[in-house]
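So you can see what is in the structure, the chains are spelled out below.
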Amino acid sequence: MPRSPGFWQPADACHYATEESNSLPQPSSLQRPQASLNSFYSAISRKAGNLFEKNAAPILHLSGLDVTVVKTDYEGQAKKLLELMENTDLIIIAGGDGTVQEVITGLLRRADEAAFSKIPIGFIPLGKTCTLSHTLYPESTNQVQHITNATLAILKGETVPLDVLQIKGEKEQPVFAVSGLRWGSYRDAGVKVSKYWYLGPLKTKAAHFFSTFKEWPQKHQAALMYLGPTERPPEEPEEKSSRPPLYVRLYRRLRLYWSSPKELPQEVAPENWEELKMSTIELSIATRNRQLDLTRTEDFMDICIEAESISKGEFVHRGSQKVRDPHMCSEGSQRIQASRCILQLPEGTEGSFGIDNEEYEAMPVEVKLLPRKLRFFCDPRMREQLLQAAVQ
């Protein structure tokens, strides 16, 4: 018999998947639902690939889904695959933050993204950094159980809507993110932590300590324009009524044209942009996906402008905290809620952005919030916690 939730073993999970497959109603066409599975083995260790093959793949194949496994071989391939992918019932991502970002960027760059973005997405955490795990699944110290629980969550079918950031440069195609953008000294020091592997548990503090040998204080100057939060519209029904025949639509349009008086176009209210000049040690722009609130009445992203005047010791301490929680906004920082913003950098600015833990060249960008853009499968217990918190 399967064990209690949260303590699934691979054999129990396979047994559960087989039972779920047997209980699925067979469509009249006798075709099983199709799932497109993207796994980025080149970006993770061989051990992680083996964990997927041994713990996730058998459950998916036993579930009754017609699974197509696509192993990407190089960075950027997932974007191209998603831009060319044909219709599918669901998408499953096996990897880390980089894989998630590639897949959603390829998906949302499609010409038919309005329809494709409605396809539910499953996430099996295998990469070095798996930020979405904290939102979608309960914490687990056992990696095998964590992978198994994530795979079973896909079969159980519970989903939550997640916000997406659209980040666009002046000439580049947009990049999409589910966590956020970081620009500054904490991010720059954090990416160098692995260089100090030989220092063991001191490697994080060492990376931040040695970064203070550069010019101090380290300032990042820019101009920021932003719009405030927007009111959240009611959620659209999942199923829409069938489209009426052509002659009915033509009749309705003609009747509307001849019967209603011509109305003058209404003037669009000017957007109320706020502007500020900033000098900071780090700027972050993040979604609210880590603090999901299903009953929120406003949609916004969090902008955090860290104070530039801190001691080197404080920098090392806060840097260690930000490695664990990259979008933590330290005490004394300026916090802004915005639905859209434009970041202007001085000419000649060097350095890099971190977008969902992937490195991009720093440049002027526009960041736009796409509220509740994608639906991800989650553990039913996590969704229940969100609903209980909303009631309280």
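Rules and cut-offs
Residues numbered from 1 in each chain as written. Predicted model: local features only at pLDDT ≥ 70, side-chain atom pairs only at ≥ 80, totals over all residues. Heavy atoms only, no water. Helix = DSSP H or I, 4+ residues; strand = E, 2+ residues; numbered from the N terminus. Buried < 20%, exposed > 50% of the residue type's maximum accessible area, 1.4 Å probe, protein only. Contact = heavy atoms within 4.5 Å. Salt bridge = Lys/Arg side-chain N within 4 Å of Asp/Glu carboxyl O. Phe/Tyr/Trp six-rings, centres within 6.5 Å; stacked < 30°, edge-to-face > 60°. Lys NZ or Arg CZ within 6 Å of the ring centre and 35° of its normal.

Q: Looking at this model, I keep getting lost on the overall build of the protein chain. Mind explaining?
A: Across its full length, the protein chain carries twelve helices and 18 strands. Sorting the 392 residues of the protein chain into buried and exposed places 46% on the buried side. Considering only contacts in the protein chain between residues 6 or more positions apart, those separated by 24 or more positions represent 79%.

Q: What exactly am I supposed to notice about the pattern of salt bridges here?
A: Close approach of charged atoms lets side chains of opposite charge pair. If you walk through the whole model with that rule in mind, you get 14 salt bridges. For D112, the salt bridge is made with R110, and the minimal N-O distance between the two is 2.9 Å. In this structure, the salt-bridge partner of R288 is D302, at a minimum N-O distance of 2.8 Å. With R288 in the loop between β11 (282-286) and β12 (298-299) and D302 in strand β13 (residues 301-305), the pair connects residues that are 14 residues apart, well separated along the chain. Take D302: its relative accessible area is 21%, and that puts it in the partly exposed class. One salt-bridge network, in which partners are shared between bridges, spans D163, R232, R296 and D299.

Q: Would you explain the packing of aromatic side chains in this entry?
A: Aromatic ring pairs are described here by two measures, namely the spacing of the ring centres and the angle between the planes. According to the stated counting rule, one finds nine aromatic pairs in the structure shown. When the centroid spacing of 6.4 Å and the interplanar angle of 55 degrees are considered together, the rings of Y196 and Y198 count as tilted. Since its relative accessible area comes to 53%, Y198 is described here as exposed. The structure contains a cluster of three or more aromatic residues connected by ring pairs, namely Y196, W197, Y198, F209, F210 and F213. Of note, R110 hangs over the ring of F116, and the distance from its end group to the ring centre comes to 3.7 Å. The lysine or arginine in question, R296, covers the ring of F300, its NZ or CZ lying 5.3 Å from the ring centre.

Note that all results are geometric; they support no functional claim without further evidence.
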